[in-house]
Amino acid sequence: MPNTTHRAAPAPAAGAAQDAADAGVDPAGVPQRRLAGGALMPGIGVGTFGSDRYGPREVGRAVAGALAAGYRLVDCAPVHGNEAEVGRALAAATAGGLQREQLFVMSKVWNGAHEPEAAVASVRTSLRDLRLEHLDAVFVHWPFPNHHPPGAGTDDRDPAARPYEHDAHLRLWRALEDLVDQGLVRHLGTSNTTVPKLELLLRDARIAPQLNEMELHPCFQQPELFRYCLEHGIQPVGYSPLGSPSRPERDRTPGDVVDTEDPVVRAIAEAHGVHPALVCLKWAVARGQVPIPFSVKPDQFTANLRAVSEDPLTPAEVEALRFADRGERLIKGQVFLWPGASSWQDLWDVDGTIPGRDGPGRP
Ligand SMILES: NC(=O)c1ccc[n+]([C@@H]2O[C@H](COP(=O)([O-])OP(=O)(O)OC[C@H]3O[C@@H](n4cnc5c(N)ncnc54)[C@H](OP(=O)(O)O)[C@@H]3O)[C@@H](O)[C@H]2O)c1
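Residues numbered from 1 in each chain as written. Predicted model: local features only at pLDDT ≥ 70, side-chain atom pairs only at ≥ 80, totals over all residues.

J.: Account for the overall build of the protein, with residues named and values stated.
T.: Counting secondary structure elements, the protein contains 11 helices and 10 strands. Within the protein, the proportion of its 363 residues that are buried is 48%. A separation threshold of at least 6 residues defines the contact pool for the protein, and within that pool the share at least 24 residues apart is 74%. (Helix = DSSP H or I, 4+ residues; strand = E, 2+ residues; numbered from the N terminus. Buried ≥ 20, exposed ≤ 12 C-beta atoms within 10 Å, placed from the backbone. Contact = placed C-beta atoms within 7 Å.)

Take a look at the structure:
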């Protein structure tokens, strides 16, 4: 079973690791998770989506700083448009003494690359840009094929967008399984998926997903999917763990939850004398997911790493935070809807079935 907490092995006392020590975060104190296949992964990572606010060079510099501060897990994606800059930071860190095996680098296959050949080409491009021989994990970013230009607005739709089609999805998955066989990818993951889609994939996959990247923060806990993942040997990775306060306009809806303003989060933050964002991370690690907060600001990303390495929440605080859940998604994904879909809820199988192109029902 995944989800066991371990402590990381100390980093070599040179280069980036020396900087990490200077920043005051001991990598040996950062929790780790054991995946179903036996591999260890860091219990917190750094995100790389600039939310249309932070450009590739800024994100590349942030990753370099995060590695120096002691992060060992980096969550990348070609659609973030910065894998080359992130790759430069990774190469500099390994040239500075960090061992490749101490790093856990994840990337994804974007919606426009679901055809098997395109998926393989995408992973090879990520490997080239990230300057790696292998990726520790590759995720299918969203389970829907479509074209989504950078900076698309809330009402933009791709007329060729399609709903989830299991046979097509399996062809994509088989291509990723082949990359595992070739040693180019260590683990496969799903992202933005649901229990009904995971049931189909677990039934038919030769290599099961070991990770699932999903929106997770105190005000959106997805308890059913979270539990399903743990029960099926899938480690949840929590994106937007702080409630994505700087997300793009297209991902904002009036009345959206704000985790850092939640009264329970704020009361616990006060008790610990920390920013409410750090309570979100302490909660994430205590619950068993791997949070991947984003920041380009050294004080923030260092504080985020330190938060999960010291002063944990009490069991009573973790229990109190269970009631912060509002069940309201921030990243709704409406731009991925296909012609004929009725609402963004069609993306999330809310009634337990997978809507097809022309309405509800399993494909
Ligand atoms: N699989 C997917 O579909 C998916 C979707 C979304 C995100 N992700 C991944 O998840 C990562 C994180 O998600 P996210 O960027 O949406 O949201 P997030 O990590 O919840 O929020 C990031 C923002 O929080 C603020 N922040 C960070 N540390 C802070 C601190 N210590 N105190 C106060 N504020 C702090 C920063 O805002 P300011 O910059 O304004 O200071 C930062 O830009 C992404 O970068 C990406 O790698 C994946």
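J.: I'd like a description of the pairing of strand β5 (residues 104-109), backed by residues and values.
T.: In terms of burial, β5 is a largely internal element, 6 of the 6 residues being buried. Residues Phe104, Met106 and Lys108 of β5 are buried on one face, and the alternating residues Val105, Ser107 and Val109, pointing to the opposite face, are buried as well. At this point the chain moves from strand β4 (residues 73-75), through helix α3 (residues 83-95), to the parallel β5, and the crossover so formed is right-handed. With 4 bridges connecting them, β5 and strand β6 (residues 135-140) associate as parallel partners. (Right-handed = clockwise from strand over helix to strand, strands pointing away. Pairing = 2+ DSSP bridges.)

J.: For the site of the ligand, give the residues involved together with the corresponding values.
T.: What surrounds the ligand is a group of 30 residues, the closest being Gly47, Phe49, Leu242, Ser244 and Phe294. For the shell around the ligand, the secondary structure elements donating two or more residues are α9 (276-287) and α10 (298-307). Sort the elements by how many residues they give to the shell around the ligand and α10 lands first, with 3 residues. Class assignment of the residues belonging to the shell around the ligand gives a composition of 12 nonpolar, 14 polar and 4 charged. (Near = placed C-beta within 6 Å. Nonpolar A, V, L, I, M, F, W, Y, C, P; charged D, E, K, R; others polar.)

J.: How would you explain the nonpolar core if you had to name every residue and give the values?
T.: Counting residues in each nonpolar core, the largest one holds 80 residues, and the members touching the most others are Val63, Leu67, Val105, Leu135, Val138 and Leu176. Ignoring any residue separated from it by four or fewer positions in sequence, one finds leucine 135 in contact with Val105, Met106, Ser107, Val123, Ser126, Leu127, Leu184 and Val185. Grouped together as the second largest cluster of nonpolar side chains are 12 residues, Trp142, Phe144, Ala161 and Leu347 included. (Core = buried A, V, L, I, M, F, W, Y, C linked by C-beta atoms within 7 Å.)

J.: Any chance you could break down the pairing of strand β8 (residues 211-215) for me, citing the residues and the numbers?
T.: Most of β8 sits out of view: 5 of its 5 residues are buried. The pairing of strand β7 (residues 185-191) with β8 spans 3 bridges and is classified as parallel. When the bridges of β8 are listed, glycine 189 appears paired with leucine 211. Taking the sense of rotation as the criterion, the β-α-β connection linking β8, helix α7 (residues 223-231) and strand β9 (residues 235-239) turns out right-handed.

J.: Give a detailed account of the sheet that holds β8, specifying residues and quantitative values.
T.: Reading across the sheet, the 7 strands line up as β4-β5-β6-β7-β8-β9-β10 and stay open at both edges, with parallel pairing between neighbours. The strands lining the two open edges of the sheet, one partner per strand, are β4 and β10 (290-291).

J.: Tell me about the packing of α3 against helix α4 (residues 116-130), and name the residues and values.
T.: Viewed as axis vectors pointing N to C, α3 and α4 meet at an angle of 45°, and their least axial separation amounts to 7 Å. The angle between the axes of α3 and α4 places the two elements in the oblique class. Listed contacts from α4 to Glu83, Ala84, Val86, Gly87 and Leu90 of α3 are Ser126, Asp129 and Leu130. The class makeup of the residues in the contact of α3 with α4 is 4 nonpolar, 2 polar and 2 charged. (Axes fitted to C-alpha atoms, helices over the stretch in contact; angles between N-to-C directions. Parallel < 35°, antiparallel > 145°, perpendicular 65-115°, else oblique.)

J.: Can you lay out the environment of aspartate 311 for me, pointing to particular residues and giving the numbers?
T.: In this structure, aspartate 311 sits in the loop between α10 and α11 (315-322). Put simply, aspartate 311 and lysine 282 are 29 residues apart on the chain and 8.5 Å apart in space, counted from C-alpha to C-alpha.

J.: Give a description of the environment of alanine 160 that names residues and reports values.
T.: Looking at where alanine 160 falls in the secondary structure, it is placed in the loop between β6 and α5 (166-181). C-alpha separation for the pair alanine 160 and lysine 297, spaced 137 residues apart in sequence, amounts to 39 Å.

J.: Which residues make up unusual backbone geometry, and what values go with them?
T.: One non-glycine residue, serine 51, adopts positive backbone phi at about 55°. Residue position: serine 51 is located in the loop between β3 (40-42) and α2 (56-69). In this structure serine 51 comes out as partly exposed when scored by C-beta crowding, with 16 C-beta atoms within 10 Å. With a phi angle near 40°, glutamine 222 is a residue other than glycine that sits in the positive phi range.

J.: Would you mind going over the packing of helix α8 (residues 263-272) against α9 in detail, with residue names and values included?
T.: Packed helices, taken two at a time, are described by their axes: the angle between them and the distance between them. Between α8 and α9, the least distance of the axes is 8 Å, while the angle of their chain directions is 95°. One way to sum up the angle between α8 and α9 is to call them roughly perpendicular. From α8, Val265, Arg266, Ile268, Ala269 and His272 reach across to α9, where they touch Pro276, Val279 and Cys280. Residue composition of the contact of α8 with α9, by class: 6 nonpolar, 1 polar and 1 charged.

J.: Run through the confidence of the model for the protein, naming residues and quoting values.
T.: Reading fine detail from the predicted coordinates is not recommended where pLDDT is low. Chain-level statistics for the protein give a pLDDT mean of 92 and a share of 91% at 70 or above. Confidence over residues 9-21 falls short of pLDDT 50; this stretch has 29 contacts with residues more than four positions distant or in other chains. (pLDDT = per-residue confidence, 0-100.)

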